[in-house]
Amino acid sequence: MRVTPSKANERERPAMSEHGTHGQDGITGPGTGGGSADPATEAFVAHRNLLFTVAYELLGSAADAEDVLQETWLRWTGVDLAEVRDRRAYLVRITTRQALSRLRTLGRRKESYVGEWLPEPLLTAPDVAEDVELADSVSMAMMLVMETLTPTERAVFVLREVFDLGYDEIAEAVDKSQAAVRQTAHRARAHVAARRPRGVVSRAESRDALDAFQRAVNTGDIQGLLDILAPDVVLLGDGGGIKQAVLRPVTGADKVARLLLGGLVKLPVAMSMDPAQVNGHPALLIRLDGELDTVMAVRFDDGRISGLYAVRNPEKLTRMERETTLHR
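Everything numeric in this text was worked out from a predicted model, so none of it was measured.

1. Things to note about the environment of Val138
At step 1: Among the structural elements, Val138 can be located in helix H5 (residues 132-138).
At step 2: With relative accessibility at 0%, the residue Val138 sits in the buried group.
At step 3: Considered as a pair, Val138 and Tyr56 are 82 residues apart in the sequence and their alpha carbons are 8.5 Å apart.
At step 4: Residues in contact with Val138, not counting those within four places in the same chain, are Glu57, Met143, Asn279 and Leu326.

Here it is as structure tokens:
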């Protein structure tokens, strides 16, 4: 017998951080000297990074993912754990349902968004890059591909392809039959496969290409920039109506190169470009007068840069001062 979390029995507790309770800073969870926790708390803390990763992959927003975790926690506290066979799967199910509900709100928000909408970038630890499948799934390029799926397709794809959940568990999470979930998974895989990067690029090759890009921009070497950009490269910018950014995609190596050199090199302030691991892949952090201004993520196809994603919206850069733990 399975039970559905009861809202009538929800008892509010502090939001859970990556390490315990009481938000992001005041931490008193298991293993931190705050005393032993009850089974519900222990289960939630044990799977928190996984749940955050699920929510983030579905939403593309760390802030919304944190809100989903809070909602998941409130529902989890009303569950009779004696009736739960698999706590991990149950928590993932609650998180997925909450994320799908929030996706509808995000869809309306994106309709009124100024310019292009890009996922919120995350500064990630090296171990994320070592998990190739996880790094691929949270890359800026893949997150944008998943934006073209329907909410249900996105949930099914993420839960099956990234987190390897069984069709029965996914069916319960998205409230569909197993047959419908299998069809959705097949359709989503085909959709994603048609839009994946065309060639596999190693981490070393990615770093080398990004180094060449950085040198060309720093020295104003337009030919060097053209050499590393794919002919059909696309530049997307996200300023959110707060910072200046291209409002529509800029396509073509020549246009992108001239825009970058004209915009970055001629800035009236000191500019620096520092390499970093963003969403599990090499990226550049662009600082103006020492302050983080832009996160430049990239997509590689056949050894050349085919996509540039410049996130300037300051509301999306708040988590770039510390690493975010992603897990599956």
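2. Some thoughts on the pattern of salt bridges
At step 1: The tally for this structure, following the rule as stated, stands at 21 salt bridges.
At step 2: Close ionic contact of Asp136 with Arg196 constitutes a salt bridge, the shortest N to O distance being 2.6 Å. Of the two residues, Asp136 is situated in helix H5 and Arg196 in the loop between helix H9 (178-193) and helix H10 (203-219); the sequence distance between them amounts to 60 residues.
At step 3: The exposure class of Asp136 is partly exposed, given its relative accessible area of 24%.
At step 4: Where Asp238 meets Lys316, a salt bridge forms, and the shortest distance between an N and an O atom there is 2.6 Å. With Asp238 in strand E1 (residues 229-238) and Lys316 in the segment after strand E6 (304-311), the pair connects residues that are 78 residues apart, well separated along the chain. For the residue pair Asp238 and Lys316, the accessibility class agrees, reading buried in each case.
At step 5: Several salt bridges converge on common partners, so that one network encompasses Asp64, Asp67, Glu71, Arg102 and Arg109.

3. Digging into the side chain of Gln98
At step 1: Tracing the chain through its elements places Gln98 in helix H3 (residues 87-111).
At step 2: Take Gln98: its relative accessible area is 15%, and that puts it in the buried class.
At step 3: Sequence-distant contacts of Gln98, that is, excluding residues within four places in its chain, are made with Val68, Glu71, Thr72 and Arg75.

4. A few points about helix H7 (residues 151-162)
At step 1: Between its terminal C-alpha atoms H7 stretches 16 Å, which fits the 16 Å expected from 12 residues at 1.5 Å a residue.
At step 2: Those residues of H7 that sit buried are Glu153, Arg154, Ala155, Val156, Phe157, Val158, Leu159 and Val162.
At step 3: The inward-facing, buried residues of H7 contact helix H1 (39-59), H3, H5, helix H6 (140-147), helix H8 (167-174) and H9.
At step 4: Remark: Asp164 follows H7 within two positions and exhibits a positive phi of approximately 55°.

5. Some details on the packing of aromatic side chains
Two measures describe an aromatic ring pair: the distance that separates the ring centres and the angle between the ring planes.
At step 1: In total, this model carries three aromatic pairs according to the counting rule given.
At step 2: Look at Phe52 and Tyr56: their rings are 6.2 Å apart centre to centre, the planes differ by 5°, and that puts the pair in the stacked class. Of this pair, Phe52 and Tyr56 both sit in helix H1, four residues apart, roughly one helical turn.
At step 3: Overall, Phe52 belongs to the buried group, its relative accessible area being 2%.
At step 4: The exposure class of Tyr56 is buried, given its relative accessible area of 0%.

Analysis parameters
- Residues numbered from 1 in each chain as written.
- Predicted model: local features only at pLDDT ≥ 70, side-chain atom pairs only at ≥ 80, totals over all residues.
- Heavy atoms only, no water.
- Helix = DSSP H or I, 4+ residues; strand = E, 2+ residues; numbered from the N terminus.
- Buried < 20%, exposed > 50% of the residue type's maximum accessible area, 1.4 Å probe, protein only.
- Contact = heavy atoms within 4.5 Å.
- Salt bridge = Lys/Arg side-chain N within 4 Å of Asp/Glu carboxyl O.
- Expected span 1.5 Å × (residues − 1).
- Phe/Tyr/Trp six-rings, centres within 6.5 Å; stacked < 30°, edge-to-face > 60°.

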